[in-house]
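Results of the structural survey
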Amino acid sequence: MAQPPAMPPTGSGPLRPRVVNLLSGHRASPLALVVAPAGYGKSIVLAHYADSFAARGKVISWRPYRDTREAAPLLDSLMRKLLEAGPDGGHSTAEPPAPATVESVLTAVERRAGPVLMLVDDVHLVHGTPVEDALEELALLAPPNLRMVLAGRRRPSINLARHELSGTVVVTADQLAYDDAEFRQALATAGPPGGGPVTAPEYETLSRLTRGWPVALRLCLQVPRRDADRAATVLASAAVRGYLDREVLGVLPGRLAEAFAEICRTPRGPWLTDDGSGVLDELEDGYGLVSRRTEGRYDCVPLLREHLRLRASAAPAARAARPAPPPSARPAAQDSPGPLTLRCFGRFEATLGDRVLDWRTTRPRVRALARLLAVHAGQPVHRERLMAALWPETPERNAGRGLQVAVSALRTFLEPGVDRGASRILLRSGEAYMLSPQPGGSCDVQRFEAAVTSGLRLLSHGSVDQAAESLGLALHLYSGELLPEDGPAEWVVPLREYHRAQLVRAALTLAEVELGRDRPQTAVAAAHHALSVDPFQDAAWRLLVLAHRRAGDPVAAHQAQLRHARILEELGVRPPGTGAEPDAATRRGLGGLPAARPREHPRLDVSPA
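Quick caveat: nothing in here was measured; it's all calculated off a predicted structure. (Residues numbered from 1 in each chain as written. Predicted model: local features only at pLDDT ≥ 70, side-chain atom pairs only at ≥ 80, totals over all residues. Heavy atoms only, no water.)

**Focus on the overall build of the chain**
Our working definition: Only DSSP runs of H or I reaching four residues or more are called helices, and only runs of E reaching two or more are called strands; each is numbered from the N terminus. Think of it in three bands: residues with accessible area under 20% of the maximum for their type are buried, residues over 50% are exposed, and the middle band is partly exposed, with areas taken using a 1.4 Å probe on protein chains only. We call two residues in contact whenever any of their non-hydrogen atoms come within 4.5 Å of each other. Areas reported here follow the Shrake-Rupley algorithm with a probe of radius 1.4 Å; residue values treat only the protein chains shown as occluding.
Of regular secondary structure, the chain possesses 24 helices and 15 strands. Buried positions account for 50% of the 609 residues belonging to the chain. In the chain, 69% of the contacts between residues at least 6 apart in sequence involve partners at least 24 apart. When the accessible surface of the chain is split by element, carbon and sulfur atoms take 53% of a total near 28300 Å².

Here's what the structure looks like:
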């Protein structure tokens, strides 16, 4: 079996002790994150950090494929590398367990005499998958001799509010950007095409445009000097525009890239201004493309901002410049059908504009394809994944033909009369397909995931009221089981379990937050929400009992205790003590689902110990 791409060779790229030292100092937590867009030298920093660590202990690294979704490749690779040398540095004859687990990997780490550094690059490729869950579990249960560094273009959805991870170092684009000394050194090393010194005005222009973004500076320096307006020359370069479109903006979901361009097209002064849509928050938290400077105001590297502004401004002009076809050549079906709104929780429903789509005229495989693409709306799904999910027992050639027929039928159903290349809803990108909701459209799955992530992030930043609002929205959006129409289909079960776990996590966290805000009735509702999804969640029962007591309803608290005791009896578990405040069992919970602790209320702790 082919192995994932290797980490960069040691010593590649300029040594940056300032940034490496940020990672060397992460002692309060086993975890450090390096999160920035493409071109900030994340992989090079990891390589140099590995070099500095190698004299003290074992370095193991892993990088996922673009289509990696399961945790087994990660765990098996880590176990093999841990067993390459025995705990004392000699060759190990131990056979790796098959398959490796989180527990077996951590045991192998713990048996080593010295420290272990675990590096995972391109972690954005496994965002929201069981791989990310395994990485979080490794960090939460890490023995004292383990250090982990995860690097990628998107911040992992790991709850850093947990006590075990509260000291996590997060290195961002602001810290990876060249400081003044590094910037001058890079200029002196590379220099502009044709040689010659960099003039003072040119230095100021390049510094302003790139803000120390390493790859942006390299691209700018490769652009020949043609006229006095250096900024215009750089922005006109096809190489610069192509890199920004492909490597930086290309990782964004289509609707997010469009919204970002629109915000940059109509700036208000030197800042990008929050329009209430949450786009800038998502770009900051998820991708590191903007930075919050003051409330409602965000900063962006001017080179990227100007590129987006020019691209967004040119689009309407390009459309207007095209000659209009005669009226007879304009089929009515080519008109925009409106935004696509998708519902996947509770039942599948699609609304195009103001029209609810009636799927009864379509074949079952077409409907299944629509649901699979809908749950990943705005994200390309590779054709091999589609074939494996919908034609699991069919030879590849026949499955490929079946997929082509289903895609064609789905495209015709969504946009009748529209040619394949002109479709605006069902898009193809290379070997992948994607449902695009279009501006104004949405999918409840993506909104739910964004609300959970935002709520946990806000809580980790101490914004308790805003966190409660986001987590409450997540509970509202989860209106039932994910895609019940698909029953126990193998492709949907892991997604269903993942979102159930996320719902329980959000509900437990919200219940804890509301108790901390002295809103016990809302905490009761949140605990009930968690139990409606997972009635065996021990922590939820204990929070429910506590919330009823705080609300002054001892009868309801007693009834909840009795129901909890009956469930424990069914499971053959002896009920622990029933104190008024959460005990150790409550704080651990069942299933390892954490309820993050609000900073304003440290006395209330029902998160796993």
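Let's pick the thread back up.
**Considering the environment of Asp 299**
Quick note on the threshold: Side-chain atoms alone can form a polar contact between residues adjacent in sequence; in general such a contact is a pair of N or O atoms within 3.5 Å, and within protein one must be able to donate a hydrogen while the other accepts it.
With respect to the helices, strands and loops of the structure, Asp 299 is situated in strand E8 (residues 297–299). Taking relative accessible area as the criterion, Asp 299 reaches 13% and is therefore assigned buried. As for Asp 299 and Leu 289, which are separated by ten residues in sequence, their C-alpha atoms are 8.8 Å apart. The residues contacting Asp 299, other than those within four sequence positions of it, are Arg 211, Trp 271, Leu 289, Val 290, Ser 291 and Arg 293. A distance of 2.8 Å separates polar atoms of two side chains, one belonging to Asp 299 and the other to Arg 211.

**Considering unusual backbone geometry**
Its identity as a non-glycine residue notwithstanding, Leu 483 has a phi of 45 degrees, on the positive side. Within the secondary structure, Leu 483 is located in the loop between helix H19 (464–477) and helix H20 (492–516).

**What about the pairing of strand E14 (residues 432–435)?**
Quick note on the threshold: Being paired, for any two strands, means DSSP has found at least two bridges between them.
Covered by surrounding structure in E14 are Ala 432 and Met 434 together with Tyr 433 and Leu 435, the residues of both alternating faces. The sheet contact formed by strand E12 (residues 381–382) and E14 spans two bridges and is antiparallel. Within the sheet, the bridge partner assigned to His 382 lies in E14 and is Ala 432. Pairing of strand E13 (residues 426–429) with E14 involves four bridges; the strand directions are antiparallel. When the sheet's bridge partners are listed, Ser 429 is paired in E14 with Ala 432.

**Brief notes about the sheet that holds strand E1 (residues 31–35)**
We apply this condition: Between the N-to-C directions of two axes lies an angle of 0 to 180 degrees, each axis being a line fitted to C-alpha atoms and, for a helix, fitted only over the stretch in contact.
One open sheet holds the five strands; their spatial order is E2-E3-E4-E1-E5, and the pairing between them is parallel. On the outer flanks of this sheet lie strand E2 (58–62) and strand E5 (169–171), each paired with one strand and no other. In this sheet, neighbouring strand axes are inclined to one another by 15 degrees on average, regardless of whether the strands run parallel or antiparallel. Where E1 and strand E4 (residues 146–152) come together, five bridges link them in parallel fashion. Note that in E4 the partner of Val 34 across the bridge is Ala 151.

**Considering helix H22 (residues 538–550)**
We count it as follows: Helix span is expected to be 1.5 Å times the residue number reduced by one.
Helix length check: H22 (13 residues) gives 19 Å between terminal C-alpha atoms against 18 Å at 1.5 Å per residue, within 8%. Counting buried positions over the 13 residues of H22 gives eleven, a clear majority of the element. Of the positions making up H22, those classed as buried are Asp 538, Ala 539, Ala 540, Trp 541, Arg 542, Leu 543, Leu 544, Val 545, Leu 546, Ala 547 and His 548. Trailing H22 by a residue or two, Gly 552 shows a phi angle of about 80 degrees, which is positive.

**Remarks on the side chain of Arg 496**
By secondary structure assignment, the location of Arg 496 is in helix H20. A polar side-chain atom of Arg 496 sits 2.9 Å from the main-chain carbonyl oxygen of Leu 483. With near-sequence residues (within four places) excluded, Arg 496 lies in contact with Glu 481, Leu 482, Leu 483, Pro 484, Asp 486 and Gly 487.

**Notes on the environment of Ala 312**
Relative to the elements of secondary structure, Ala 312 occurs in helix H14 (residues 302–321). A C-alpha to C-alpha distance of 9.5 Å links Ala 312 and Phe 260, two positions 52 residues apart in sequence. Look past the residues within four positions of Ala 312 in its chain and what remains in contact with it is Ala 261 and Arg 265.

**Observations concerning the pattern of salt bridges**
Here is the rule: When a carboxyl oxygen of Asp or Glu is within 4 Å of a side-chain nitrogen of Lys or Arg, the pair counts as a salt bridge.
Applying the stated rule across the entire model yields 21 salt bridges. A salt bridge links Glu 481 to Arg 496, with the shortest nitrogen-to-oxygen separation between them at 3.9 Å. Taken together, the positions of Glu 481 in the loop between H19 and H20 and Arg 496 in helix H20 put the pair 15 residues apart, joining distant regions of the chain. Overall, Glu 481 belongs to the partly exposed group, its relative accessible area being 38%. The exposure class of Arg 496 is buried, given its relative accessible area of 7%. Residues Glu 497 and Arg 500 are paired through a salt bridge, measuring 3.7 Å at the closest nitrogen-oxygen approach. On the criterion of helical spacing, the pair formed by Glu 497 and Arg 500 is a turn pair, its members being three residues apart in helix H20. With relative accessibility at 45%, the residue Glu 497 sits in the partly exposed group. Residue classification places Arg 500 among the partly exposed residues on the basis of a relative accessible area of 25%.

**Side note on the sheet that holds strand E7 (residues 291–294)**
A sheet is described by the order of its strands in space; here three strands give the open sequence E6-E8-E7, paired in antiparallel fashion. Either end of the sheet is taken by a strand with one partner, and the two such strands are strand E6 (272–273) and E7. Here E7 runs beside E8; their pairing, made up of three bridges, is antiparallel. Looking at the pairing, Ser 291 lines up with Asp 299 of E8.

**Remarks on helix H5 (residues 130–140)**
A turn of α-helix holds 3.6 residues, and therefore any two residues three or four places apart point the same way. Buried residues dominate H5, accounting for eight of its eleven residues. Turning to H5, its buried residues are Val 131, Glu 132, Ala 134, Leu 135, Glu 136, Leu 138, Ala 139 and Leu 140.

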